[in-house]
Amino acid sequence: MSTTGLQFTPVKFTGLRLTKPATVAAGIPAVVSSMKHMLEAMNAFRAMKALLELNQKDGFDCPGCAWPDPDDERSPIAEYCENGAKAIAEEATTRKLDAAFFATNSIDSLGQLSDYDIGKKGRIAQPMYLAPGAEHYTPISWDNAYRKIAEHLQQLDTPDEAVFYTSGRTSNEAAFLYQLMVREYGTNNLPDCSNMCHESSGVALSEAVGIGKGSVTLEDVHQAEVIIILGQNPGTNHPRMLTALQKAKANGAVIIAVNPLKETGLLNFLNPQTIKGILQVKTPLTDIFLQIKINGDMALLKALALLLLEEEDKHPGTVFDQSFINSSTSGYNEYLAHLRQQNLPVLAAACGISEALLQEAAAALMHKQKIVACWAMGLTQHKNSVDTIREVVNLLLLKGSIGKPGAGTCPVRGHSNVQGDRTMGIYEKPGDALLQKLEAVYGFKPPYKHGHDVVHAIHAMHRGDAKVFIAMGGNFLSATPDTAYTAKALRNCRLTVHVSTKLNRSHLVHGREAIILPCLGRSDKDIQQQQAQFVTCENSMGVVQMSKGNLRPISADLKSEPAIVCEMARAILGAQSKVPWEQYTQHYDHIRDAIEKVIPGFNDYNKRVRHPGGFYLPNGSRTGQFNTNTGKANFNVAPLASTQLAQGEYLMMTIRSHDQFNTTIYGLDDRYRGVHHERRVIFMNPEDIARGGFTAGQVVDLYNYHGQTERIAPGFIIVAYDIPVGCTATYFPETNVLVPVNTVADKSNTPASKSVIIQIKSSIIKR
Ligand SMILES: Nc1nc2c(c(=O)[nH]1)N[C@H]1C(S)=C(S)[C@@H](COP(=O)(O)OP(=O)(O)OC[C@H]3O[C@@H](n4cnc5c(=O)[nH]c(N)nc54)[C@H](O)[C@@H]3O)O[C@H]1N2
Ligand SMILES: Nc1nc2c(c(=O)[nH]1)N[C@H]1C(S)=C(S)[C@@H](COP(=O)(O)OP(=O)(O)OC[C@H]3O[C@@H](n4cnc5c(=O)[nH]c(N)nc54)[C@H](O)[C@@H]3O)O[C@H]1N2
Ligand code: SF4
Ligand SMILES: [Mo]
């Protein structure tokens, strides 16, 4: 048995302090926290300048999550949340990393720092190069950096030996150019963060309703009669969703929350942007809380459908929307036959919810049609995620709750433009229509062979089949599973290149040579040819809007992402390129004109996106047009999934604290869960703690043994918490060393980061 126990986040305790989990989200503590983060990173003038433009119609799009802005009026002073302010603080900091910084700090010494400390160092201020065997990054000119990249790519035996990763903050313009460059170069190796995120939603929804995006608008959420929120922690990860839930409640909605944890943001909300909120008048949000076992959702959804069916059998036509089912769906009879074989006690045991509570939840749905289902990573990162999400759709189809106002699917996206990047063609499995369009518009033959997604790219680099890794943003090493395995994969590369705003661990675990290209962020002013430019983004509900930064860049040596792609493309592709790269850098309207020619739904792009608030992209499932293999919305029959745990094994979900954005660690607190100044914790049920012979506060080591490999994450403090028996939770990325690269969701290949089987052993490490 081989052992992987390499540490990529140093084991260092920072001083755990516990308080009771909070019962109300946001309020004044959120405002205080926003200002603290902003003022630590920059002066008050810059902070106010940034916050006043954040999410305004003529300002810049929040670089945090993808939750949409209101279509109608926006607050002139504060159209953002605590975590939006933290995202800006992190990006717009005036601390900078220049040549002197890298001369004094070696790769090795930086690697000893925590992710939190690395992030606090500041913005990367100039292009940097790491020579073979060198211990320090040294400055390189932009031209020489492009030349080196081009030389490496030209030396490969085939373009498929290069991998081009994208993270979801990249604008539409940059993403479109990037996929264009990569496809003209000759590969579809375009993995992206979505492969680890909502890929399961994309696959499930495409099969079920013909489009891999959600169907609802913000107004649908406001108008819903019932909102089910599964596997999502909106108070932390999509805080302004609480405002939408508050509106829905005011309109009479019932909220059902499904989560192993009683997340504060699901309980009560104090809206800091209203007088009532300031006066401490809280809004209770969840009406029915279902504290589910990890990955018990499929059983729960089948149980709800079964209870609805029992009532429909008794009073035909009163529960199910038979006319919708007849006219717009396929596979109903097969699904009913499957449901009739289900057994309520078995389903109740499988999800860990009492039959009484299941009855209560079913009753809430029984005679309602305007149902919105929201979900995020708690549903997408399990082996059976695609089938679970199809079970969500099954339930909506029974009720006719899709393609009409106040109802539909709402996979809540993560990164601010992750959905737009996909729309622009960042996808390793592009459809023929896109490729044919590229060929028709540009006159080069793009590759049709599908490329590597994230997990396949890791394996290809690990085998030595992929030799050059280029990333448009993100933190590949820390975000991906099986950190030790992925580190070896990256270190196998001849060259690793990152277009980045901030330093992260992926710059420190590198190929034989490495390059960092520093780019402008969302909040930065972008000037090309003396003209201020804007970029565009698509939010979680398919609204495309412009985003125009207003802050002075911290260094004159930063370039915009579109400019970097154009210049890199010219170096790589040379004179034979069919694409007018130079023109695209001059003014981004040219890029949008090109997007309009290639991507459906962008007619009159330059005009419509200048309209305050932007425009909605077409979406068949929103209007009841299901573009599937059957031309109808498809029911799905899937066997009940279950994870068998042996004695001494626990299921671990890797989740986000309140003070992080993915691998960017804003702070060391998880205020709502009552965990302060420490990230190396494992949440456990008190019964499990006692039964395992542990004590709360004890330091333990965590192990995973998938596929004959021992994976170790040493040094975690046990926190007794209200979580179902057998279930545990830790923060990512500290425990990504434990997530086996080969435990992935069927069909979507998404790492199963919420279903990690672990063993827990007492540690020799002291607090
Ligand atoms: N502040 C902040 N905002 C963010 C991010 C961030 O890191 N910080 N990340 C962004 C990104 S990229 C994304 S994808 C989203 C992520 O947003 P979320 O999906 O909300 O993020 P996670 O922390 O992964 O939380 C998953 C939630 O699912 C629950 N859960 C875990 N397993 C299960 C399960 O099996 N069933 C059910 N029903 N629930 C389960 C967990 O208890 C937790 O509440 O947020 C985006 N917004
Ligand atoms: N165990 C576990 N692993 C997970 C998850 C989980 O829940 N559990 N969640 C997964 C999910 S949902 C996601 S989306 C992925 C996230 O994976 P990634 O998107 O790869 O990771 P991030 O942490 O969002 O990337 C942060 C880095 O992006 C760079 N950056 C920030 N802003 C910009 C910009 O404007 N331009 C450019 N070029 N670079 C910028 C900075 O250098 C920063 O360090 O992680 C996944 N990994
Ligand atoms: S909800 Fe998301 S997009 Fe909106 S301000 Fe907060 S972090 Fe930014
Ligand atoms: Mo994500």
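Residues numbered from 1 in each chain as written. Chains lettered and ligands numbered in written order. Predicted model: local features only at pLDDT ≥ 70, side-chain atom pairs only at ≥ 80, totals over all residues. Heavy atoms only, no water.

On to the pairing of strand β32 (residues 709–720). Across the twelve residues of β32, eleven count as buried, placing the element largely inside the fold. Summarising the sheet, strand β30 (residues 681–684) and β32 pair through four bridges and their orientation is parallel. Following the sheet pairing, phenylalanine 683 is matched in β32 by valine 719. Of the pairings in the sheet, the one linking strand β31 (residues 699–704) to β32 comprises five bridges and is antiparallel in character. Counted as the bridge partner of valine 700 is phenylalanine 716 from β32. Between β31 and β32, which follow one another and run antiparallel, lie four residues, and glycine 707 among them has a positive phi close to 60°. (Buried < 20%, exposed > 50% of the residue type's maximum accessible area, 1.4 Å probe, protein only. Helix = DSSP H or I, 4+ residues; strand = E, 2+ residues; numbered from the N terminus. Pairing = 2+ DSSP bridges.)

A separate point is the sheet that holds strand β23 (residues 543–547). Ordered in space as β22-β23-β24, the three strands form an open sheet in which the pairing is antiparallel. Strands at the two margins of the open sheet, each flanked by one partner only, are β22 (535–538) and β24 (615–616). Across the face of the sheet, helix α8 (residues 172–185) comes into contact with β22 and β23 while running at roughly 90° to β22. (Contact = heavy atoms within 4.5 Å. Axes fitted to C-alpha atoms, helices over the stretch in contact; angles between N-to-C directions.)

Turning our eyes to something else, we now look at the domain arrangement of the protein chain. We note that the domain assignment places domain 1 (2–23 + 643–762), domain 2 (25–90), domain 3 (100–131 + 430–620) and domain 4 (199–411) within the protein chain. One C-alpha centre belongs to domain 2, the other to domain 3; they are set 24 Å apart. Across the contact, 19 residues belong to domain 2 and 23 residues belong to domain 3. A buried area of about 1,800 Å², summed over both sides, lies between domain 2 and domain 3, and 49% of it is on carbon and sulfur atoms. Contact with domain 3 buries area across many residues of domain 2, yet Arg46, Phe60 and Glu90 alone supply 30% of it, more than any other trio. Glutamate 90 is the salt-bridge partner of lysine 502, the closest N and O atoms lying 2.9 Å from each other. Run the count over domain 2 and domain 3 and you get ten residue pairs in polar contact (both at pLDDT 80 or more). For the side of domain 2 that touches domain 3, the secondary structure elements donating two or more residues are α2 (44–53) and α3 (82–92). (Domains from an automatic or database assignment. Buried area = accessible area lost by both parts, 1.4 Å probe. Salt bridge = Lys/Arg side-chain N within 4 Å of Asp/Glu carboxyl O. Polar contact = N/O pair within 3.5 Å; in protein donor to acceptor, adjacent residues only side chain to side chain.)

Axes are the key here: two packed helices are described by the angle between their axes and the distance separating the axes. The contact between helix α7 (residues 142–155) and helix α27 (residues 561–573) brings their axes to 8 Å, and the two run at 50°. Classified by the interaxial angle, the pair formed by α7 and α27 is oblique. For the pair α7 and α27, the sense of crossing is right-handed. In this structure, α7 contributes Trp142, Tyr146, Ile149, Ala150, Leu153 and Gln154 to the contact, and α27 contributes Ala563, Ile564, Glu567, Met568, Ala571 and Ile572. Per-class residue counts for the contact of α7 with α27 are ten nonpolar, one polar and one charged. (Parallel < 35°, antiparallel > 145°, perpendicular 65-115°, else oblique. Left-handed = near helix turned anticlockwise from the far one by under 90°. Nonpolar A, V, L, I, M, F, W, Y, C, P; charged D, E, K, R; others polar.)

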